[in-house]
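What follows is each chain in one-letter form.
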Amino acid sequence: LRKNVEDFTGPRERSDLGFVTFDITADILNGKNGLQTFWNKSTLIIFDWNVKQLFLYLSAEYSTKNNALNQVVLWDKIMLRGDNPRLSLKDMKSKYFFFDDGNGLKGNRNITLTLSWNVVPNAGILPLVTGSGHVSVPFPDTYETTKSY
């Protein structure tokens, strides 16, 4: 779903606002992945003695005629040590606005969603891990005019 709305934050009069609904299914401890999951085998040892929590986030990457690379964080979650390592999230909506600084979402055929995470240790460096999978989704060629989301 995509709308062309007034943008009061930038120099343009109107910008594209995208709405994304997604599913994530994953079993972190056993490395089993669902159809639209972005985990890899390194998660088998991710909760060792020095891991306090994981900061998970879903990002969208795409290119437009004005920008070769656009990256937008759509959703995030903190997974604490001891939380259920099996994620089964259905019909999740974006947690943050998916604004483009123009009309780059309309008809864009290659918007790639990727799940990444930061390992938050008890002590030491803060590594960034990107999942091994991703999903590319096309956006429609027309704007949605309804008021519902």
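Residues numbered from 1 in each chain as written. Predicted model: local features only at pLDDT ≥ 70, side-chain atom pairs only at ≥ 80, totals over all residues. Heavy atoms only, no water.

- Under an unreviewed UniProt entry, the name given to the chain is Signal peptidase complex subunit 3, and the organism recorded is Toxostoma redivivum.
- UniProt, in the comment section headed Sequence similarities (unreviewed entry), describes the chain in these words: "Belongs to the SPCS3 family." (UniProt positions renumbered as here; feature names shortened; annotations may be inferred.)

### Topic: the packing of aromatic side chains
1) Next: Here the structure, examined in full by the defined rule, presents four aromatic pairs.
2) Next: When the centroid spacing of 5.9 Å and the interplanar angle of 50° are considered together, the rings of Phe97 and Phe99 count as tilted. (Phe/Tyr/Trp six-rings, centres within 6.5 Å; stacked < 30°, edge-to-face > 60°.)

### A look at the nonpolar core
1) Next: Grouped together as the largest cluster of nonpolar side chains are 24 residues, with contacts concentrated most on Val20, Leu54, Leu56, Leu74, Trp75, Phe98 and Ile111.
2) Next: For this core, the secondary structure elements donating two or more residues are β3 (21–27), β5 (51–62), β6 (70–80), β7 (86–93) and β9 (111–121).
3) Next: No other element matches β5, which puts six residues into this core.
4) Next: Those residues in contact with Trp75, other than ones at most four positions away along the chain, are Phe22, Ile24, Leu56, Tyr57, Leu58, Leu89, Met92, Lys93, Lys95, Tyr96 and Leu115. (Core = buried A, V, L, I, M, F, W, Y, C linked by side-chain atoms within 4.5 Å. Buried < 20%, exposed > 50% of the residue type's maximum accessible area, 1.4 Å probe, protein only. Helix = DSSP H or I, 4+ residues; strand = E, 2+ residues; numbered from the N terminus. Contact = heavy atoms within 4.5 Å.)

### Examining unusual backbone geometry
1) Next: Unusually for a residue other than glycine, Asp91 sits at a positive phi of about 50°.
2) Next: Within the secondary structure, Asp91 is located in strand β7.
3) Next: Judged by its relative accessible area of 58%, Asp91 falls in the exposed class.

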